[in-house]
Amino acid sequence: MTSTHQKCIVSRRAMIQGAGAISLTGTSYLAAPSILYAADKIKIGFHSALTGLETLLGETQLNCFKMAVDEINSSGGIDGREIEYLVEDNQTTTRGAIDKTRKFIFEDNVDVIIGMITSLERTAALSVSAPAKQLLIYPTYYEGGECERYLACTGQIPNQSVDPFVPWITENVGKSVYILGSDYGWPQETAKAISTAFEINGGTTVGTEFFPFGVQDLGPAMDRIKASKPDVVWELFAGADALTFLKQYKSFEPGGFLLTNGLDELFTTAVDGANVEGIIVNQSYFSSLKSSANDKFLANYKNRFGQDKWVNAIAEATYIAVYLYSKSVEKAGSTDTEQVIDAMAGISFEAPQGPVSFEGSNNHLAVNSILGRCRNDGLYDIIENFGAITPTVAGCSLT
Amino acid sequence: MGRISISHTPLPKMSYLVILLVIAFVYSAPLIVGTYSASLLRDAMLFSMIALGLDYLWGKTGTLSFGHATFFGAGAYGAAIVSTKLGLDPTLGSWLGLISGVSIAMLIALVVGYFLIFGGVRGSYFTIVTLALAVISEHVIVGWSDITGGDAGLLGIPPLFFPTLSGLAPLSPVVLYWFIASVVCLTALSLWWVCSGRYGLILKTIEDNEERAQALGHNTSQHLLTVFVGSSAVAALGGALYASTVGFVAKDIVGLILSTQVIIWVAIGGRGTLIGPVIAAIFVIWFEQRISSINVQLWPLFMGFLFILAVFVFPNGVLRTLVGILRKLGQRLEHRV
């Protein structure tokens with residue numbers, strides 16, 4: 001009796017699944033034949049800047065996300081449970097990020113949300129996900145300061161990028177800095193961290209300027225840089241605006257050594273090598289890192305998405321985010337959000353960038369801090385590796 | 001004369017039934033479709049207020065404004081800034097924000113409208129100047145980032161607080177939905193009631209021939225200004241409610257793109273029907289979310305196709321075409337009886 005009853009349920013579920021699969025042709029469901037375990041699947045919602053200002057970065061991020069999911073699934077899933085994922089585009093807008101987060105939580109009932117590039121997407125998504133007590137993993141390096149139980153960050157924050165970088169600059173390059181960037185959270189707050197770090201190391205900030213998205217003419221700003229004669233110019237432009245800046249900086253040549261923690265392979269391989277050669281960048285990951293973990297990671301990526309493709313720090317941190325979630329679910333033995341978050345603390349593993357570990361007191365990842373000098377081909381020569389640095393968020397104690 | 005008498009023909013009984021069914025669906029939706037879909041529908045209703053406002057202006061007086069999203073944005077940003085930046089208690093701040101948002105938008109409409117309408121700017125010239133208004137508002141939002149949050153927008157806008165048994169509290173999602181549905185329905189019904197009588201005929205006369213309306217003794221400029229300010233107030237009310245409902249405002253709710261979308265909603269829904277643009281706005285926003293989940297590139301194509309369809313196949317709007325078909329069917333039934 002019981003067995004026939006169960007069969008009935010399974011076949012009905014199979015029918016519903018089949019109907020769903022037909023009606024959802026074209027969506028990014030990872031269709032799987034194993035109907036019996038359908039209820040056991042783990043659902044991850046990914047939304048990011050697939051169109052809009054940050055399109056440049058969104059695609060590679062999505063690729064790395066898919067690659068991590070597929071790797072985990074092909075090695076037996078998370079504790080035998082398959083990962084299913086949904087992909088949405090938030091158009092690099094506040095409204096898009098809120099809409100898509102709402103959809104994932106209230107309609108699709110995902111277990112975790114991963115993705116996003118800009119701080120405005122994160123803040124907007126968080127305004128929906130945190131009150132709903134839903135875990136969000138944000139992989140992009142950002143200005144720091146988030147202290148939220150339902151948010152986990154796998155990218156650099158200023159104490160992992162700016163703080164080790166600035167003493168190196170004041171010692172090797174110069175003591176005065178001019179900061180330019182886009183007009184929103186990440187550049188504004190990072191600029192403050194940069195100024196503070198220069199002050200501590202005996203340097204000065206001679207200028208700080210922010211520009212709206214889509215800025216075209218940086219000529220007047222270049223004149224001001226020229227007039228203030230800084231040793232170092234630190235750029236913090238978002239997405240396509242960074243390319244505009246690089247081209248105009250090269251053609252105006254206002255002086256000052258160009259440095260940043262906001263460029264990577266995807267930017268510098270997209271412009272002519274002459275525009276970017278010599279720039280020194282701090283990131284948690286570079287494609288040119290030599291390690292067996294990275295060789296394997298990069299080879300897999302190139303085999304799947306193209307031999308001429310490169311991975312940047314954001315995409316690698318997204319790859320890490322999927323593994324972090326997977327390992328936390330395994331440790332917790334459940335997908336219950338509260339248990340998963342508790343399990344995250346102390347998780348450590350070997351990532352393509354090197355060893356990483358999760359700091360439970362502020363829900364950030366201890367990531368690496370690496371200096372690269374940009375070559376003519378847009379890739380980076382590693383000139384210094386500060387190693388994995390414990391993240392600090394002032395006044396934050398989540399555990 | 002002919003056109004006026006047509007608009008006074010009573011609607012066939014069946015269309016009252018259709019309207020009742022639509023209202024019944026709108027009110028019962030949050031109980032049927034789930035939280036996410038209900039929130040989509042709720043936001044779509046708020047955006048449809050711009051279409052309603054624009055139809056009051058464009059549909060009733062024939063004056064097209066290309067900048068109506070500006071008023072929605074002014075309402076939303078006004079509400080957001082007043083309720084978050086002045087350090088007010090949220091229970092008071094949310095309502096004060098709503099009132100200030102609407103007032104700011106009306107003030108902008110009054111100042112801009114006064115100089116345009118009393119300056120004799122009409123027709124396409126009026127449309128072009130309002131186009132500039134949309135562009136300017138977008139620049140103000142982006143440029144004045146200390147106040148408006150720039151590209152990132154403003155977050156943390158408090159919801160509206162209502163007196164309940166346990167003191168002042170925000171509404172539950174379902175009740176909030178019903179509140180917003182009621183505001184939209186009431187606004188639409190009031191505008192329809194206002195325009196259905198003699199006043200509607202005066203506006204119609206102004207659309208047909210403003211000089212003749214003047215010759216009949218009507219102060220046409222004053223009428224146009226009243227409609228312009230009134231229509232901007234409707235859009236701003238939608239914007240201010242949107243800010244407090246969603247809890248954030250960003251630059252995509254002002255400016256040119258939204259303004260043009262509104263025109264498409266009104267064109268699809270049928271200019272001058274008031275309820276048509278509202279329904280069209282809700283459907284178009286709903287489909288936008290659904291289609292963009294399947295494929296991002298598909299949506300603009302679909303929207304363009306819909307607009308071409310509206311212009312060539314339903315030049316009077318989908319709703320009017322449907323009502324026409326219903327009316328014919330009704331007549332046939334009467335003949336048979």
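## With respect to the interface of chain A and chain B
Facing 24 residues of chain A, the contacting portion of chain B comprises 24 residues. Elements represented by at least two residues in the side of chain A that touches chain B include exactly strand E2 (83-89), helix H3 (94-107) and helix H4 (119-129) of chain A. Here the element with the most residues in the side of chain A that touches chain B is H3 of chain A; it accounts for eight residues.

## Let's talk about the nonpolar core
Core analysis: the largest hydrophobic core is formed by 210 residues, its most contacted members being Ile137 and Ile194 of chain A together with Ala51, Ala76, Ala105, Ala236 and Val249 of chain B. At 14 residues, helix H11 (residues 220-246) of chain B tops the list of elements feeding residues into this core. Formed jointly, this core draws a minimum of three residues from each of two domains, domain 1 (32-156 + 290-368) and domain 2 (158-260) of chain A. Setting aside residues up to four positions removed in sequence, isoleucine 194 of chain A forms contacts with Val162, Val166, Val177, Ile179 and Trp234 of chain A.

## Points about the environment of phenylalanine 72 of chain B
As for its placement among the helices and strands, phenylalanine 72 of chain B is situated in helix H4 (residues 68-85). Excluding residues that lie within four positions of it along the chain, phenylalanine 72 of chain B makes contacts with Ile50, Ala235, Ala236, Gly238, Gly239 and Ile253 of chain B.

## As for the confidence of the model for chain B
All names here are of chain B. When pLDDT is averaged along chain B, the result is 86; 95% of the residues meet or exceed 70. Helix H1 (residues 2-7) is the least confidently modelled element of chain B, averaging 41 in pLDDT, while H11 averages 95, the highest of any element. Counting interchain partners and residues more than four positions distant, the pLDDT-below-50 stretch residues 1-9 has two contacts. Across the assembled chains, the prediction reports ipTM 0.71 with pTM 0.79.

## Considerations on the domain arrangement of chain A
Residues and elements named next belong to chain A. Structurally, chain A comprises domain 1 (32-156 + 290-368) and domain 2 (158-260). Between domain 1 and domain 2, the C-alpha centre-to-centre distance is 30 Å. Taken together, the contact pairs 15 residues of domain 1 with 13 residues of domain 2. Looking at the side of domain 1 that touches domain 2, the elements with two or more residues in it are helix H2 (55-74) and H4. The greatest single-element share of the side of domain 1 that touches domain 2, amounting to three residues, is contributed by H4. Of the residues in the side of domain 1 that touches domain 2, the class split is seven nonpolar, six polar and two charged.

## Side note on the pairing of strand E13 (residues 364-374) of chain A
All names here are of chain A. When you tally the buried positions in E13, you get nine out of eleven residues, the bulk of the element. Bridging between strand E10 (residues 280-283) and E13 involves four bridges; their strand directions are antiparallel. Its bridge partner lying in E13, asparagine 282 is registered against leucine 371. Across three bridges, strand E12 (residues 354-359) lies against E13 in antiparallel orientation.

## Quick word on unusual backbone geometry
Residues and elements named next belong to chain A. Not every positive phi belongs to a glycine, and glutamine 91 is a case in point at roughly 55 degrees. For glutamine 91, the position within the fold is in the loop between E2 and H3. The backbone of methionine 116 sits at a positive phi, close to 85 degrees, despite the residue not being glycine. Considering the arrangement of structural elements, one finds methionine 116 in the loop between strand E3 (112-114) and H4.

## Looking at the environment of leucine 189 of chain B
Note on placement: leucine 189 of chain B falls in helix H8 (residues 173-196). Spatially, the C-alpha atoms of leucine 189 of chain B and leucine 274 of chain B are 8.8 Å apart, while their sequence positions differ by 85 residues.

Basis of the calculations
Residue numbers here run from 1 along each chain, matching the order of that chain's written sequence. Chain A is the first chain written and ligand 1 is the first ligand written, with later ones labelled in order. At least 70 in pLDDT is required for a residue's local features to be given in this predicted model, at least 80 for side-chain atom pairs to be given and counted, and no such filter applies to totals for whole chains, interfaces and linings, which use all residues. Any two residues are considered in contact once their C-beta atoms, placed from the backbone, lie within 7 Å. The way it works is that DSSP assigns letters per residue, a run of H or I at least four long becomes a helix, a run of E at least two long becomes a strand, and they are numbered from the N terminus. A set of buried residues drawn from Ala, Val, Leu, Ile, Met, Phe, Trp, Tyr and Cys, joined through C-beta atoms within 7 Å, is what defines a nonpolar core. Partly exposed residues are those whose C-beta has more than 12 but fewer than 20 other C-beta atoms within 10 Å; with 20 or more the residue is buried, with 12 or fewer it is exposed, and the C-beta atoms are placed from the backbone. For the purposes of this description, domain bounds are those given by an automatic or database domain assignment. Every residue carries a pLDDT, the predictor's confidence in it, which falls somewhere between 0 and 100. Polarity classes work like this: nonpolar for Ala, Val, Leu, Ile, Met, Phe, Trp, Tyr, Cys and Pro, charged for Asp, Glu, Lys and Arg, and polar for all others, with Gly in that last group. Should DSSP find at least two bridges between two strands, the strands are taken to pair.

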